[in-house]
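So the chains spell out like this:
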Amino acid sequence: MKIKRVIHKKIPASQKALGIAYNDAELDPKHKLGTIEIEIRQTPLNILDVEIHEFIHMHYPEIPEASVRQMGTRLAKFLWKLKYRKQ
């Protein structure tokens, strides 16, 4: 799935999510297919983790949540140690 846009915003608490990847047309009531939304009320490291996490969901929807969580966190920590920061 091609990522059309990444939006950093406050996600309502009722969603119980730090990020959302809209990668399924059947589950996309607002025509947001290809969009990733990231909760902005997090630390920079957590935002990086969620960005990677949602990227994995977007491109590999068949990977189980536990594996996505583990891969996202490991990659985020690795990039953080390399001094990757959002400019």
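Residues numbered from 1 in each chain as written. Predicted model: local features only at pLDDT ≥ 70, side-chain atom pairs only at ≥ 80, totals over all residues. Heavy atoms only, no water.

(A) View of helix H1 (residues 44-59). For H1, built from 16 residues, the straight-helix expectation of 22 Å at 1.5 Å per residue is met to within 8% by its first-to-last C-alpha distance of 23 Å. Every buried residue of H1 is accounted for by Ile47, Leu48, Asp49, Val50, Ile52, His53, Glu54, Ile56, His57 and Met58. Along its buried surface, H1 packs onto strand S1 (5-9), strand S2 (19-21), strand S3 (35-39) and helix H2 (65-81). (Helix = DSSP H or I, 4+ residues; strand = E, 2+ residues; numbered from the N terminus. Expected span 1.5 Å × (residues − 1). Buried < 20%, exposed > 50% of the residue type's maximum accessible area, 1.4 Å probe, protein only. Contact = heavy atoms within 4.5 Å.)

(B) Here's a closer look at a nonpolar patch on the surface. A surface patch of nonpolar side chains, amounting to about 300 Å² of accessible area, comprises Leu75, Phe78 and Leu82. Tracing the sequence through the fold places Phe78 in helix H2. Looking at Phe78, the relative accessible area reads 48%, which means it is partly exposed. (Patch = residues over 30% accessible without salt bridge, like charges linked within 9 Å, V, L, I, M, F, W, Y side chains within 5 Å. Areas by Shrake-Rupley, 256 points an atom, 1.4 Å probe, with all protein chains shown as cover. Salt bridge = Lys/Arg side-chain N within 4 Å of Asp/Glu carboxyl O.)

(C) A look at the pairing of S3. Counting buried positions along S3 yields five of five residues, so the element is predominantly enclosed. The side-chain alternation of S3 yields two buried faces, one formed by Thr35, Glu37 and Glu39 and the other by Ile36 and Ile38. With five bridges joining them, S1 and S3 adopt parallel strand pairing. Bridge pairing in S3 links Lys9 to Glu39. (Pairing = 2+ DSSP bridges.)

(D) Expanded view of the confidence of the model for the protein chain. Per-residue confidence for the protein chain averages 92 on the pLDDT scale, and 92% of its residues sit at or above 70. Of all helices and strands in the protein chain, the one with the weakest mean pLDDT is S2 (94), whereas H2 scores best (98). (pLDDT = per-residue confidence, 0-100.)

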